[in-house]
Amino acid sequence: MAKGIEKISFHDQIARNKWRSFFLVIIVFIVLIALGYVISLAFDPGYFFIIMIIATIISLLYVMLTYYNSDKIALASVGAKKADKILHRNLYIAVENMSIASGLPMPQVYVMPGNQINAFATGHNPKNAVICVTEGALAKLNKQELEGVIGHEMSHIANYDIRYMTTVAVVVGAISIISQMVLRSMWYGNRDREGKSNIIFLLIAIVFAILAPIVVMLVQFAISRKREFMADAGSVQFTRYPPGLIGALKKIKGEYEPMKVPDAVKPLFFSDTSRKISGLFQTHPPIDERIKILEAM
Amino acid sequence: MISLILIIIGAVILLLLITAFGYFNRFTILQNRISNAFSQIDVQLKKRADLVPNLVESVRGYMRHEREIIEKISEARKGLVSANSSGDIVKKIKAGDALQNAMSRLFAISENYPDLKANQNFLQLQQELAAIEDKIAYARQFYNDSVLSYNNTCTTIPGAWFASLFGKKAGKYLEIPEAEREPVKVKF
């Protein structure tokens, strides 16, 4: 028992997540400033400062608003509703149990529609965290399996993964909005203006606008896979019962129906929301690998 | 040259002080976590003690011939209530276990009373008590986890040096009896 806990240094992971969240926000500002610079050069260098000021204000507003409302946005985007204490009694008990086992405050509990087994956690810190579970998970998982899944989400909360993933979602959203704007303004922009430098900068801006979101997404997915293993280990630490989580993963493996959720919230989920893509674009490690590691515990 | 040496000495002392403060706070945080873990157990034990009279009430009419076991439960409950008012954690846990054992016997016997098993009130109480039992098990586990991380901090170097400096001693784990490793499953 002691060994299992010692293997994972949660404190290091928490510090890393907090630092990464901060770092990511800094990166997004640098990217935005660089984008603003390229855009202003492509159109008219005389407007550089005005464009920059507007871009900074907009991005600040966007980041603040989405960061502090990210849980509500995520819940609304998947159509989640607050769980009922009587109707979803088993879910409440599972969350209460995991909250006791992890020593974390009781998160808010939500249920989202959908026949697939899945769940996610969101919020910026353990004090205002949310756990959301699909109706399918409630119908198909038994008590131990549900606790395994909730324990996994609780572990994301304990590790501050939720803050990091929230920040990532906000940043991915921001960059995709900006690149969309750039691409469209290029399309409809002043085509009658000539000049070699303009064309070069235009090309740079287009490449930038196309590449930025892809790069960010790949980084996000790569990191997300590692933290899923951590969260699985954390779940076992809370439940002390690997067969529960293994059972849940096996049931998920048997499902083929993909879920329809917005891109930005995909990495938040317990297991992959779609099944067709593989390799780099996957937000989660293969289920077989997760099961194998859990069985070795 | 002398000023350089002074600066180095000063820096070393400052570093030591910062580390000492850091460890002091760490010990405090971990000890607070242990007492928080304990109060979690406490809350659940109190809930259990509060529910038992209702259970006994709902059972009494059906189990006229099982006076012995009902008396045992009442006694165990009294023990838990008096242990709850004392501050001794080991005592509380033991009293809680005794009550749990008495109740699992009652639930086993209730299998022979179909009327009782059909009683909604009884079923609800049984479910609630089973949920509380799970929570007590998880709360104990978290207590031991908290003691473990506290003990790790104050028995490994350099934490051990600061632990002796501040007079901190390793905490005790809650022993979980072999038979209770697996939560007692209440059969319906």
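Residues numbered from 1 in each chain as written. Chains lettered and ligands numbered in written order. Predicted model: local features only at pLDDT ≥ 70, side-chain atom pairs only at ≥ 80, totals over all residues. Heavy atoms only, no water.

## Some details on the confidence of the model for chain B
All names here are of chain B. Per-residue pLDDT for chain B averages 85, and the proportion of residues at 70 or more is 93%. Predicted confidence for residues 184-188 stays below pLDDT 50, and this span has 13 contacts to residues more than four positions away or in other chains. Model confidence for the complex is summarised by a pTM of 0.80, with the ipTM given as 0.80. (pLDDT = per-residue confidence, 0-100. Contact = heavy atoms within 4.5 Å.)

## Here's the deal with the domain arrangement of chain A
All names here are of chain A. Assigned domains of chain A: these are domain 1 (10-54 + 161-295) and domain 2 (74-158). Contacts between the two partners involve 35 residues from domain 1, matched on the other side by 36 residues from domain 2. Approximately 2,800 Å² of surface area, both sides summed, lies buried where domain 1 meets domain 2, with 63% of it carried by carbon and sulfur atoms. Between the two partners, domain 1 and domain 2, sit one salt bridge. (Domains from an automatic or database assignment. Buried area = accessible area lost by both parts, 1.4 Å probe. Salt bridge = Lys/Arg side-chain N within 4 Å of Asp/Glu carboxyl O.)

## Comments concerning the environment of Gln144 of chain A
The residue Gln144 of chain A is located in helix α6 (residues 143-158) in this model. When the C-alpha positions of Gln144 of chain A and Arg225 of chain A are compared, they lie 24 Å apart, and in sequence the two are 81 residues distant. (Helix = DSSP H or I, 4+ residues; strand = E, 2+ residues; numbered from the N terminus.)

## Details of the nonpolar core
Leu91 and Ile150 of chain A together with Leu55 and Tyr143 of chain B are the most contacted members of the largest nonpolar core, which totals 85 residues. Counting residues domain by domain, this core receives three or more from each of domain 1 (10-54 + 161-295) and domain 2 (74-158) of chain A. Residues in contact with Leu91 of chain A, not counting those within four places in the same chain, are Ala83, Val109, Tyr110, Val111, Val133, Leu138, Leu146 and Ile150 of chain A. Core analysis: the next-biggest nonpolar cluster, separate from the first, contains 18 residues, Cys132, Tyr164, Val168 and Leu268 of chain A among them. (Core = buried A, V, L, I, M, F, W, Y, C linked by side-chain atoms within 4.5 Å. Buried < 20%, exposed > 50% of the residue type's maximum accessible area, 1.4 Å probe, protein only.)

## Some words on the packing of helix α4 (residues 89-102) of chain A against α6 of chain A
All names here are of chain A. It is the contact of α4 with α6, at a shortest axis distance of 9 Å, that shows an interaxial angle of 50°. Accordingly, the angle class assigned to the pair α4 and α6 is oblique. The chirality of how α4 crosses α6 is right-handed. Packed against α4, whose contacting residues are Asn90, Leu91, Ala94, Val95, Asn97, Met98, Ser99 and Ser102, the element α6 presents Leu146, Glu147, Ile150, Gly151 and Met154 at the interface. Grouping the amino acids of the contact of α4 with α6 by side-chain chemistry returns seven nonpolar, five polar and one charged. (Axes fitted to C-alpha atoms, helices over the stretch in contact; angles between N-to-C directions. Parallel < 35°, antiparallel > 145°, perpendicular 65-115°, else oblique. Left-handed = near helix turned anticlockwise from the far one by under 90°. Nonpolar A, V, L, I, M, F, W, Y, C, P; charged D, E, K, R; others polar.)

## Some details on the interface of chain B and chain A
On the chain A side, the residues contacting the 17 residues of chain B number 21 residues. Interface area, chain B with chain A, both sides summed: about 1,500 Å², of which 51% is carbon and sulfur. Among the residues of chain B in contact with chain A, Lys135, Tyr138 and Gln141 of chain B are the three that bury the most area, contributing 36% of the side total. In this structure, the connection of chain B to chain A is made through three salt bridges. The residue Asp134 of chain B makes a salt bridge to Lys143 of chain A at a minimum N-O spacing of 2.6 Å. Taken together, the links from chain B to chain A amount to seven residue pairs in polar contact (both at pLDDT 80 or more). Broken down by secondary-structure element, the contributors of at least two residues to the side of chain B that touches chain A are α1 (2-60) and α5 (120-155) of chain B. It is α5 of chain B that provides the largest number of residues to the side of chain B that touches chain A, a total of 12 residues. Classifying every residue of the side of chain B that touches chain A by side-chain character gives five nonpolar, five polar and seven charged. (Polar contact = N/O pair within 3.5 Å; in protein donor to acceptor, adjacent residues only side chain to side chain.)

## Describing a nonpolar patch on the surface
Residues and elements named next belong to chain B. A cluster of nonpolar side chains, namely Met1, Ile2, Leu4, Ile5, Leu6, Ile8, Ile9, Val12, Ile13, Leu16, Leu17 and Phe21, defines an oily patch on the protein surface of about 1,300 Å² accessible area. Secondary-structure assignment places Ile5 in helix α1. For Ile5, a relative accessible area of 43% puts it in the partly exposed group. (Patch = residues over 30% accessible without salt bridge, like charges linked within 9 Å, V, L, I, M, F, W, Y side chains within 5 Å. Areas by Shrake-Rupley, 256 points an atom, 1.4 Å probe, with all protein chains shown as cover.)

## Some details on the side chain of Thr153 of chain B
Residue and element names in this part refer to chain B. If you trace the backbone, Thr153 turns up in helix α5. Classification of Thr153 by relative accessible area gives buried; the value is 13%. Setting aside its immediate chain neighbours within four residues, Thr153 contacts Tyr23, Arg26, Phe27, Leu30, Gly159 and Ala160.

## Digging into the pairing of strand β4 (residues 130-134) of chain A
Each regular strand shows side chains that alternate between the opposite faces of the sheet. All names here are of chain A. Burial of β4 is extensive: five of the five residues sit out of reach of the surface. Judged by which residues are buried, β4 turns out to be covered on both faces: Val130, Cys132 and Thr134 on one side and Ile131 and Val133 on the other are all buried. Across five bridges, strand β2 (residues 108-112) lies against β4 in parallel orientation. Pairing of Tyr110 across the sheet is with Cys132, part of β4. Bridge count between strand β3 (residues 119-122) and β4: four bridges; the pairing is antiparallel. Looking across to β4, one finds that Ala119 is bridged to Val133. (Pairing = 2+ DSSP bridges.)

## Some remarks on the environment of Arg16 of chain A
Residue position: Arg16 of chain A is located in helix α2 (residues 10-43). For the pair Arg16 of chain A and Tyr160 of chain A, spaced 144 residues apart in the sequence, the C-alpha separation amounts to 9.1 Å.

## Concerning the sheet that holds β4 of chain A
All names here are of chain A. Sheet architecture is open: four strands sit in the order β1-β2-β4-β3, paired in mixed fashion. Unpaired on one side and paired on the other, β1 (81-82) and β3 mark the two borders of the sheet. As judged from the two bridges shared by β1 and β2, these two strands associate in the antiparallel manner. Of the residues in β2, the one forming a bridge with Lys81 is Val111. The sheet contacts of α4 involve β2 and β4, and relative to β2 the element is tilted by about 140°.

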